[in-house]
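Coordinates in review
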Amino acid sequence: MIAIIDYHVGNLGSVTNACKRQGMDVVVTNDPEVIRQADGIILPGVGAFPAAMSNLEACHLVPVLNEVKDKGTPILGICIGMQLLFEEGSENGHTKGLGFLKGSVDKMEVDAKLPHMGWNQLVIKQSHPLLKYVEEGDYVYFVHSYSAHCPEDQIGAYVNYGGKKITAFVYKDNVMGTQFHPEKSGEIGKKILRAFKELVSC
């Protein structure tokens, strides 16, 4: 069973439906006991970093997420869910994140329109089981104005936007994150979710 964390942020429905279409046994929950028993965790989200982190804390989910991370449960963060995996975010001041990955989330300084909204081609920097069905140049869908700045060894893929390399996929051990939305990324998104299902099952 894969637990999709409900901490009162958007895109729960679209992520849940996309996962079900890949044959995943999913449950939308903020029950600590259900989360502890899950074989995999998806942390979705859209919106602002401070509000999202505040919601996680209000739901008393930070300790249980640390617990499942430490025992090796695969965790996939999507969009804001990915950003919360880092040490801090600078949107509207500084907010402490979960700290599962080193680095910070800061406003994009690009020579292009913000938010970064639309399709971009992935540049695969390092192989990873989540990307096993993805090829260099495949398009995925983004909606964001802030991006992760982190050590190079945590970056599995990036995109080029506004003259800058924008972090698209990050990982460390059992923790993974996509800045883009697999649930909105067509066939490539389906392949990524299928890979997560297989990663959790193995």
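Per chain, the residues get numbers from 1 upward, laid out in the order the sequence is written. With pLDDT at 70 or above as the cut-off, local features in this predicted model cover only qualifying residues; side-chain atom pairs require 80 or more to be listed or tallied, and sums for whole chains, interfaces and linings still use all residues. By convention in this description, side-chain values take in all heavy atoms of the structure and omit both hydrogens and water.

**Observations concerning the sheet that holds strand β7 (residues 101–107)**
Strands qualify as paired when DSSP identifies two bridges or more between them. Put simply, DSSP marks the helices as runs of H or I at least four residues long and the strands as runs of E at least two long, and each gets a number from the N terminus on. In space, the four strands of this open sheet follow the order β6-β5-β7-β11, with mixed pairing throughout. The open sheet has two edge strands, β6 (95–96) and β11 (146–149), and neither has a second partner.

**Some details on the UniProt feature "domain: Glutamine amidotransferase" (unreviewed entry) in the protein**
In this structure's numbering, the residues bearing the UniProt feature "domain: Glutamine amidotransferase" (unreviewed entry) are residues 4–196. End C-alpha atoms of residues 4–196 are separated by 13 Å, and the span's content is 26% helix alongside 34% strand. UniProt positions are given in the numbering used here, feature names are shortened, and annotations may be inferred rather than shown by experiment.

**Looking at the UniProt feature "active site" (unreviewed entry) in the protein**
Per the UniProt record, "active site" (unreviewed entry) is annotated on Cys 79, His 181 and Glu 183. Considering the C-alpha atoms alone, the annotated residues occupy 105 residues of sequence yet fold into one spot, their largest mutual distance being 10.8 Å. Following the sequence through the fold, Cys 79 ends up in the loop between β4 (75–78) and α5 (80–83). Residue contacts are defined here by distance: any two heavy atoms, one from each residue, within 4.5 Å place the two residues in contact. Each residue touching Cys 79, except ones within four places of it in the same chain, is listed here: Gly 45, Val 143, Thr 178, Gln 179, Phe 180 and His 181. Relative to the helices and strands, Glu 183 resides in the loop between β14 (175–178) and α6 (186–201). Note on exposure labels: buried denotes an accessible area under 20% of the residue type's maximum, exposed denotes more than 50%, and partly exposed covers the range between, all computed with a 1.4 Å probe on protein chains only. A residue is classified by how much of its surface remains accessible, and Glu 183, at 12% relative accessible area, is buried. Once residues lying within four places of it in the same chain are set aside, the contact partners of Glu 183 are Asn 11, Ser 14, Val 15, Ala 18 and Ile 78. Whenever two N or O atoms come within 3.5 Å, that pair is a polar contact, provided that in protein one can donate a hydrogen and the other can accept it, and provided that, for residues adjacent in sequence, both atoms are side-chain atoms. Within the structure, the side chain of Glu 183 is placed 3.1 Å from the side chain of Asn 11, a separation counted as a polar contact.

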